[in-house]
Amino acid sequence: MRIGVPDTMTSDEAPWLTGGPVYTKIAERLRVRVTAGRYPAGSSLPSEAELCAEFRVARNTVRRGLAVLEREGLIVTIPSKGRVVQGPRVDTAYRYQMIASELRAQIERGELAAGAVLPSEKELRQQYEASRATVRRALGVLEHEGLVAVEHGRGRFVRQNRGEGGRPRTSGLAH
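Attention in this report is confined to the structure presented alongside it. Computed from a predicted model, the values in this text were never measured in an experiment.

## Description of the overall build of the protein chain
Okay, so step 1: Within the protein chain, the secondary structure is distributed over six helices and four strands.
Okay, so step 2: Along the protein chain, from the amino end to the carboxyl end, the secondary structure elements read α-α-α-β-β-α-α-α-β-β.
Okay, so step 3: Residues counted as buried form 31% of the 175 residues belonging to the protein chain.
Okay, so step 4: Pairs at least 24 apart in sequence give 47% of the contacts found in the protein chain among residues at least 6 apart.
Okay, so step 5: Accessible surface, the protein chain as shown: approximately 11,000 Å² in total, 50% of it carbon and sulfur.

The structure is reproduced here in structure tokens:
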């Protein structure tokens, strides 16, 4: 029997932490769980509230422990998903960025030629299983980059006035 740990519990399962900075001990316990596969790559860690209850510590202490793991690159914080174990399946890009990137690639490859109409918002929503706001944000990125022009009542089109190297011309915009 280890001191302070009941016979039926491993030191990783013990709910209390003593001696030294507690947040480093939380980080170590979570690191062990990740490397042991309890939290595989791409999976979410328990919420801060759940970790506070498990380790019987304040939220700030849990946050400091999680920050250690983020600095190490073991986990990443993804808005609306929480803290996720880093690995090949973790996609940190927002959905609108992915949609904009795919449309940009189609334009650059010539699949969507200058003057071509882009698919409608409805078609893009269905294709990418995304909300209207997400699709509009992706299209807004392309408009801001000068790749797409909007003709109200007609749709969005690939811009025709492209500069050298296939890049759109920018009139007076500083980079």
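Let's pick the thread back up.
## Some remarks on the pattern of salt bridges
Okay, so step 1: Summed over all chains, the structure comprises 14 salt bridges.
Okay, so step 2: For the salt bridge of Arg-31 with Glu-28, the shortest nitrogen-to-oxygen distance reads 2.3 Å. One end of the pair, Arg-31, and the other, Glu-28, are both in helix α1 (residues 22–35), three residues apart, so they sit about a helical turn from each other.
Okay, so step 3: A relative accessible area of 38% places Glu-28 in the partly exposed class.
Okay, so step 4: Residue Glu-48 pairs with Arg-59 through a salt bridge whose shortest N-O separation is 3.2 Å. Taken as a pair, Glu-48 in helix α2 (residues 48–55) and Arg-59 in helix α3 (residues 59–72) lie far apart in primary sequence, eleven residues in all.
Okay, so step 5: A residue is classified by how much of its surface remains accessible, and Glu-48, at 13% relative accessible area, is buried.

## Topic: the packing of aromatic side chains
How two aromatic rings sit relative to each other is given by the distance of their centres and the angle of their planes.
Okay, so step 1: In total, this model carries zero aromatic pairs according to the counting rule given.
Okay, so step 2: Above the plane of the ring of Tyr-23 lies Arg-64, whose end atom (NZ or CZ) is 4.0 Å from the centre.
Okay, so step 3: The lysine or arginine in question, Arg-137, covers the ring of Tyr-96, its NZ or CZ lying 4.2 Å from the ring centre.

Definitions and cut-offs
Residues numbered from 1 in each chain as written. Predicted model: local features only at pLDDT ≥ 70, side-chain atom pairs only at ≥ 80, totals over all residues. Heavy atoms only, no water. Helix = DSSP H or I, 4+ residues; strand = E, 2+ residues; numbered from the N terminus. Buried < 20%, exposed > 50% of the residue type's maximum accessible area, 1.4 Å probe, protein only. Contact = heavy atoms within 4.5 Å. Areas by Shrake-Rupley, 256 points an atom, 1.4 Å probe, with all protein chains shown as cover. Salt bridge = Lys/Arg side-chain N within 4 Å of Asp/Glu carboxyl O. Phe/Tyr/Trp six-rings, centres within 6.5 Å; stacked < 30°, edge-to-face > 60°. Lys NZ or Arg CZ within 6 Å of the ring centre and 35° of its normal.

The values reported here are purely geometric and, on their own, carry no functional implication.
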